[in-house]
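Here are the chains, one letter per residue:
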Amino acid sequence: DSGVTQTPKHLITATGQRVTLRCSPRSGDLSVYWYQQSLDQGLQFLIQYYNGEERAKGNILERFSAQQFPDLHSELNLSSLELGDSALYFCASSVGLAEVEQFFGPGTRLTVL
Amino acid sequence: AQSVTQLGSHVSVSEGALVLLRCNYSSSVPPYLFWYVQYPNQGLQLLLKYTTGATLVKGINGFEAEFKKSETSFHLTKPSAHMSDAAEYFCAVTYNYGQNFVFGPGTRLSVLP
């Protein structure tokens with residue numbers, strides 16, 4: 001158990017819908033990262049937040065957005081969902097900006113029908 | 001752009017045999033290198049990491065990896081495979097502390113009895 005929690009574990013929705021994935025980092029960690037894992041694209045970095053502020057962006061679509069709240073939990077919002085958005089979405093956390101080790105949550109499996 | 005290649009999407013070894021999973025990265029600057037393991041339906045767990053110092057790095061579960069700058073490689077080895085080692089293994093690289101990782105495509109390790 002990494003100490004990072006993600007909810008829900010599974011999510012099934014239809015094309016065009018909007019969903020929110022939630023992540024709670026390890027106690028004391030200020031950085032949160034979001035990743036997408038799919039069969040065709042592999043594991044891709046989406047976005048990083050540190051203490052409430054966006055710090056780095058990867059291959060995140062404009063239909064996707066994220067935020068980190070004052071209690072440090074983070075939410076990833078996916079809108080106008082397409083079939084290709086079906087994937088495992090992982091959250092990871094680290095102590096701060098100067099730490100290289102990230103701790104991964106168990107993931108949320110999103111299925112878009 | 002940073003990239004990570006892992007030779008062999010699927011590797012099979014017999015129980016007790018040597019495990020060798022290959023990882024090469026593209027870089028013109030010194031990287032930070034990682035190996036993560038993903039068991040079915042679980043998140044990623046850090047096996048080991050190289051940041052600075054000794055180029056032979058020991059990790060959990062008997063795994064080790066050697067950073068070879070001249071070969072831009074960070075291959076993962078274990079002297080004797082165990083059935084419980086069957087999983088997906090990801091090599092990852094980052095060039096900035098706490099910034100986005102670039103993951104390799106992964107290698108699925110099967111251990112045969």
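Up top you'll find the structure we're talking about.
Source: prediction; values computed, not measured.

Caption draft 1: Examining the pattern of salt bridges more closely. Applying the stated criterion to the full structure yields six salt bridges over all chains. Two residues, D29 of chain A and R26 of chain A, come together in a salt bridge whose shortest N-O distance is 2.8 Å. For D29 of chain A, a relative accessible area of 2% puts it in the buried group. A salt bridge links K78 of chain B to D85 of chain B; the nearest nitrogen and oxygen atoms lie 2.9 Å apart. The class for K78 of chain B is buried, based on a relative accessible area of 11%.

Caption draft 2: Local environment of the packing of aromatic side chains. This model, assessed by the stated rule, comprises 13 aromatic pairs over all chains. Taking the centre distance of 6.4 Å and the plane angle of 80° together, the rings of F90 of chain A and F104 of chain A count as edge-to-face. Taken together, the positions of F90 of chain A in strand β9 (residues 87–94) and F104 of chain A in strand β10 (residues 103–104) put the pair 14 residues apart, joining distant regions of the chain. Of the residues examined, F90 of chain A reaches a relative accessible area of 0% and is grouped as buried. Overall, the relative accessible area of 3% leaves F104 of chain A in the buried class. Among the aromatic side chains, those forming a connected cluster through ring pairs are Y35, F45, F90 and F104 of chain A together with F34, Y36, F90 and F103 of chain B. Above the face of the F103 of chain A ring, R26 of chain A is positioned so that its terminal group lies 3.6 Å from the ring centre.

Rules used throughout
Residues numbered from 1 in each chain as written. Chains lettered and ligands numbered in written order. Predicted model: local features only at pLDDT ≥ 70, side-chain atom pairs only at ≥ 80, totals over all residues. Heavy atoms only, no water. Salt bridge = Lys/Arg side-chain N within 4 Å of Asp/Glu carboxyl O. Buried < 20%, exposed > 50% of the residue type's maximum accessible area, 1.4 Å probe, protein only. Phe/Tyr/Trp six-rings, centres within 6.5 Å; stacked < 30°, edge-to-face > 60°. Helix = DSSP H or I, 4+ residues; strand = E, 2+ residues; numbered from the N terminus. Lys NZ or Arg CZ within 6 Å of the ring centre and 35° of its normal.

What is shown is where atoms sit, not what they do.
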